[in-house]
Amino acid sequence: MKERCFLRAVALTLTLATVLPACAHRDRPDTGRAPIVIGHRGAAGYLPDHTLASYALAIELGADYVEPDLVATKDGHLIARHEPNMIATTNVASLPQFAARRTTKMVDGVPEQGFFASDFTLAEIKQIRAVQPLAERDPDFNGRFEIPTLEEVIELVKRKSAEKGRRIGIYPETKHPTFHQGLGLALEDRLLRVLTRAGWNHRGAPVFIQSFETANLRYLRARTELPLVQLVDADGVAPDGQLTYAAPFDKPYDWVVAGRAGTFGDLLTPAGLAEVSRYADGIGPWKPYIRSSACTLVNGTCADVNGDGLVNDADRTLLPPGDLVQRAHALGLVVHPYTFRSEQRRLVKDYAGTPAREYLDFYQLGVDGLFSDFTDDAVAARAMFLLKTDADYERCLIDGHCEGRGRR
Ligand SMILES: [Ca+2]
């Protein structure tokens, strides 16, 4: 591949200097030149989220990074869970020894009842097993897998990387940083200590750190050279494709605490993005920020266009993409949207039920990577995308049509 690139580079040097970097960096998928595939919660489409089995499967399916979400235990260990409240993703509610731990806590201003990791020691967490939280996905592996620590995730990734002879990284998310700070279990220094002990707290280590909050990313910026990614959420998508904002998904929770007005969308205005670029290396926007969709209104509500009795993304049509990717790139920010899922009901009508069409659309729009529940589909589509890019090269060489390469 390198040699082919080099020969092309020679052939193209005189007229096409600007396309060369894409070719030269083909074998470095995490430099922003070819999109990386991030195994969202592991291989969440197939196995219970945030288990070593799920991360291992994502790696087997070709993930470049796996994504542990991090919450803290009572004794200060970082474990991989999507929420501090373990009620939906584990069997904890069925374990009699923990029945008395059921409680209500305020999480980002919302009361939640359940079983919180911060009320359990790591030894107790190890008695709990993960379950599949989504009813539409396979429950056969419920109750089989432990809750891993961050250290165990890193150990797995290092071992798999050595086995496979390829660079594999982690993409940890600090979950509810303000909530954890309020418990005296702040995530940030704990995360950096674990990464330092693993030899992974330096620029060039295979790690991105992500957060929906802003203040903790600024805190981390002063303490690590690792790339930081500002996640950008919203509450929903209106019938016309505009993002909607309602608590607790309206703004970073540190803004609520600080009394700062505004919404997540403000992070992506020209001024907001410039502010983000001063402390972060990338953005992780919900994918409608890059390309949204609209529904067909009948009597004021979205219609069941495909007549399957349900109203969902499969009834919506794509809108033209915005310019977020280009604006972020102009500021040197990488763009890693979330979350790509292969279920039919989650694919906008234009993708015709084919996940590859959605991936190809976003790869063409220039994203530097994406979070996928179905690593295999993301990786297969990337292979198609790179082939397509090769075809573009040929076309460029043969007849001079060199536009529309779709990547930086
Ligand atoms: Ca429908």
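Residues numbered from 1 in each chain as written. Predicted model: local features only at pLDDT ≥ 70, side-chain atom pairs only at ≥ 80, totals over all residues. Heavy atoms only, no water.

Asker: Before we go on, may I ask you to explain the pattern of salt bridges in this structure?
Answerer: Side-chain pairs of opposite charge can arise whenever the charged atoms involved come near each other. Taken as a whole and assessed by the stated rule, the structure comprises 25 salt bridges. The closest approach of N and O atoms between Arg260 and Glu275, which form a salt bridge, is 3.3 Å. Of this pair, Arg260 sits in the loop between helix 9 (253–258) and helix 10 (270–277) while Glu275 sits in helix 10, and the two are 15 residues apart along the sequence. Look at Arg260 and you get partly exposed, because its relative accessible area is 35%. In the salt-bridge network here, residues are joined through shared partners; they are Glu136, Arg137, Arg341, Glu343, Arg345, Arg346 and Asp373. (Salt bridge = Lys/Arg side-chain N within 4 Å of Asp/Glu carboxyl O. Helix = DSSP H or I, 4+ residues; strand = E, 2+ residues; numbered from the N terminus. Buried < 20%, exposed > 50% of the residue type's maximum accessible area, 1.4 Å probe, protein only.)

Asker: Whenever I open this one, the coordination of the calcium ion confuses me. Can you help?
Answerer: For the calcium ion, the protein coordination sphere consists of Asp304 (OD), Asn306 (OD1), Asp308 (OD), Leu310 (O), Asp315 (OD) and Asp315 (OD), at 2.2 to 2.5 Å. One way to put it: the six donor atoms around the calcium ion meet at angles of 52 to 156 degrees, and that makes the site irregular. All donor residues of the calcium ion come from one chain, and their arrangement in sequence is D-x1-N-x1-D-x1-L-x4-D. Of this pair, Asp304 sits in the loop between strand 16 (301–302) and strand 17 (317–318) while Asp315 sits in the loop between strand 16 and strand 17, placing them 11 residues apart in sequence. A relative accessible area of 26% means that Asp304 is categorised as partly exposed. For Asp315, a relative accessible area of 1% corresponds to the buried category. (Donors = N, O, S within 2.8 Å, 3.2 Å for Na, K, Ca; no water. Tetrahedral: all angles 85-135°; square planar, octahedral: opposite > 155°, others 65-115°.)

Asker: Please clarify how unusual backbone geometry should be interpreted in this entry.
Answerer: Most of the time, phi is negative for any residue but glycine, and the peptide bond is trans. A cis amide bond links Ala247 to the next residue, Pro248, at an omega of 5 degrees. Looking at the secondary structure, you find Pro248 in the loop between strand 12 (243–244) and helix 9. Note that the residue after Tyr338, namely Thr339, is joined by a cis bond; omega there is -25 degrees. Take Thr339: it is sitting in the loop between strand 18 (334–335) and helix 12 (355–364).

Asker: It is not clear to me how the sheet that holds strand 2 (residues 65–67) should be interpreted in this structure. Could you clarify?
Answerer: Strands in a sheet are paired, the pairing made by backbone hydrogen bonds, and the direction either parallel or antiparallel. Within the open sheet, the four strands sit side by side as 7-2-1-19. Their pairing is parallel. Two strands bound the open sheet, and with one partner strand each, they are strand 7 (169–170) and strand 19 (369–372). Sheet topology note: the strand 1 (residues 36–40)/strand 19 ladder contains four bridges and is parallel. Each residue of the ladder has a partner; that of Ile36, found in strand 19, is Gly369. (Pairing = 2+ DSSP bridges.)

Asker: Just checking my understanding: could you explain the pairing of strand 10 (residues 228–232) for this structure?
Answerer: Along a regular strand, successive side chains alternate from one face of the sheet to the other. Across the five residues of strand 10, five count as buried, placing the element largely inside the fold. Side chains Leu228, Gln230 and Val232 of strand 10 all project onto a buried face; the interleaved residues Val229 and Leu231 project onto the opposite face, where all are buried too. Two elements, strand 9 (residues 209–211) and strand 10, share three bridges in a ladder whose sense is parallel. Bridge assignment links Ser211 to a residue of strand 10, and that residue is Gln230. Chirality of the crossover, the property in question, places the unit of strand 9, helix 8 (residues 215–221) and strand 10 among those that are right-handed. When strand 10 meets strand 13 (residues 282–285), the two strands line up parallel, connected through four bridges. Among the inter-strand pairings, Gln230 is bridged to a residue of strand 13, identified as Ile283. (Right-handed = clockwise from strand over helix to strand, strands pointing away.)

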